[in-house]
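# Tertiary structure, described
Now for the letters of each chain:
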Amino acid sequence: MKPIPLKFIKSAPGAEHLPPDVGQEIIIAGYSNVGKSSIINQVANIKDLAKCSKTPGRTQLFNVFEASPNQRMLDLPGYGFAKVPIRTQKTWLSRLHEYLASRTSLCGVVLITDIRRGLRPMDIDLAAWAFEQELPLMIVLNKSDKLSRSASAAAKRQILNTINIPDTHVILTSCLKRTGITDLSKQMKLWLKISR
C-alpha cells in the first residue's frame, strides 16, 4: 500500500488558527510519549515529518499535516504527563475541548496508547466523547514489540473488555517493526477519502 502523502503545514496554538473547517480531518490523540509522531512518520513513510522528542510533553501545539488542502491529520498535544506544569496541562485541555466542540470536518479519531499501559483515564474520556458524537474511533496499541505475542493479545482483549468497540478497530502497532501500519493507513485513507 502506498503511504499517505502527508506534508507538514503549520503548528497552531488553538482551533481558531487551524485551516478552514472543510473537507476531512483526523485527530491523532493520546498521552505524551506514546509514539504519536512516530505513527505519523510511519503512515507517511517520511522519517522526520513529525518531530519526535525524547522529552515527553514537547508537542504543545496542534500540528497540521495535509494530504491535500481538504484532507488533514492533526497531531494533538499529548495529555497528562506529570513533568508538564499543571497550568500548561489545563491550557492544552482547554484548547482540546474548544477544538472538539467546534470542528465539523472531524471525521475520525485515532487514539494511541502504549500497549504496556493500556487505556488511562483521559483516553477513556476521549473514547466516550467519540462514541457520543458518533465519530469513528481507532485505538492503536503502540510499541507492541515490547511485549510477547501472547501478552499483546491479552492487552488487546483487555481493551475490548473495557470499551464496546469492534475487534478490527483495535490495532497493534510497532514503529520499529512496522507492525500494523498498513492496516492503520488503510483505515485513515478511508476516513480522509484518499483513493490512491
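Residues numbered from 1 in each chain as written. Predicted model: local features only at pLDDT ≥ 70, side-chain atom pairs only at ≥ 80, totals over all residues. Heavy atoms only, no water.

On to the packing of aromatic side chains. Using the criterion set out here, one finds two aromatic pairs in the structure. Considering the side-chain rings of Phe 62 and Tyr 99, the 5.8 Å spacing of their centres and the 45° angle between planes classify their relative orientation as tilted. Here Phe 62, found in strand β3 (residues 62-68), pairs with Tyr 99, found in helix α2 (residues 86-102); they are 37 residues apart in sequence, far enough to count as distant. The two residues Phe 62 and Tyr 99 agree in class, both being buried. Lying over the aromatic face of Tyr 31, Arg 120 brings its terminal NZ or CZ to 4.0 Å of the ring centre. (Phe/Tyr/Trp six-rings, centres within 6.5 Å; stacked < 30°, edge-to-face > 60°. Helix = DSSP H or I, 4+ residues; strand = E, 2+ residues; numbered from the N terminus. Buried < 20%, exposed > 50% of the residue type's maximum accessible area, 1.4 Å probe, protein only. Lys NZ or Arg CZ within 6 Å of the ring centre and 35° of its normal.)

Take the sheet that holds β3 next. Here we have seven strands laid out as an open sheet, ordered β1-β3-β4-β2-β5-β6-β7, and mixed in their pairing. Edge strands, defined here as strands with exactly one partner in the open sheet, are β1 (7-12) and β7 (170-172). Shown here is a sheet whose adjacent strand axes are inclined to one another by a mean of 20°, direction ignored. With five bridges connecting them, β3 and strand β4 (residues 71-75) associate as antiparallel partners. Paired with Asn 63 across the bridge in β4 is Asp 75. Together, β2 (24-29), β5 (106-114) and β6 (137-142) form the strand contacts of helix α3 (residues 121-132), whose direction differs from that of β5 by roughly 160°. Along the sheet, helix α4 (residues 149-162) contacts β6 and β7; its crossing angle with β7, the most-contacted strand, is approximately 160°. (Pairing = 2+ DSSP bridges. Axes fitted to C-alpha atoms, helices over the stretch in contact; angles between N-to-C directions. Contact = heavy atoms within 4.5 Å.)

A few words on the environment of Ser 144. Looking at where Ser 144 falls in the secondary structure, it is placed in the loop between β6 and α4. For Ser 144, a relative accessible area of 9% translates into the label buried. The spacing of Ser 144 and Gln 42 is 102 residues in sequence and 15 Å in space, taken between C-alpha atoms. Leave out the neighbours within four places in its chain, and Ser 144 touches Ile 115, Ser 152, Leu 172, Thr 173, Ser 174 and Thr 179.

On to unusual backbone geometry. The phi torsion of most residues other than glycine is negative, and most of the peptide bonds are trans. Positive phi outside glycine occurs at Glu 134, with the angle close to 60°. You can see Glu 134 is positioned in the loop between α3 and β6. Overall, the relative accessible area of 73% leaves Glu 134 in the exposed class. Its identity is not glycine, yet Lys 193 carries a phi of approximately 60°, on the positive side. Note on placement: Lys 193 falls in the segment after α5 (181-192). Given a relative accessible area of 63%, Lys 193 falls into the exposed group.

For the rest of this paragraph, the subject is the side chain of Lys 143. Mapping Lys 143 onto the fold places it in the loop between β6 and α4. Separated by 2.9 Å, the side chain of Lys 143 and the backbone oxygen of Asn 33 make a polar contact. Apart from the residues lying within four places of it in its own chain, the contact partners of Lys 143 are Asn 33, Val 34, Asp 114, Ile 115, Arg 116, Thr 173 and Ser 174. (Polar contact = N/O pair within 3.5 Å; in protein donor to acceptor, adjacent residues only side chain to side chain.)

What follows concerns the pairing of β4. Where burial is concerned, most of β4 is hidden: five out of the five residues are buried. Residues Gln 71, Met 73 and Asp 75 line one face of β4 and the alternating positions Arg 72 and Leu 74 line the opposite face, and both faces are buried.

Core analysis: the biggest nonpolar cluster contains 59 residues, and Leu 6, Ile 26, Met 73, Tyr 99, Val 110, Ile 139 and Met 188 have the highest contact counts within it. Once you skip the residues sitting within four places of it in the chain, Met 73 turns out to touch Ile 4, Leu 6, Ile 26, Ile 28, Ile 40, Asn 63, Val 64, Phe 65, Met 188 and Leu 192. (Core = buried A, V, L, I, M, F, W, Y, C linked by side-chain atoms within 4.5 Å.)

Read these as geometric descriptors, not functional statements.
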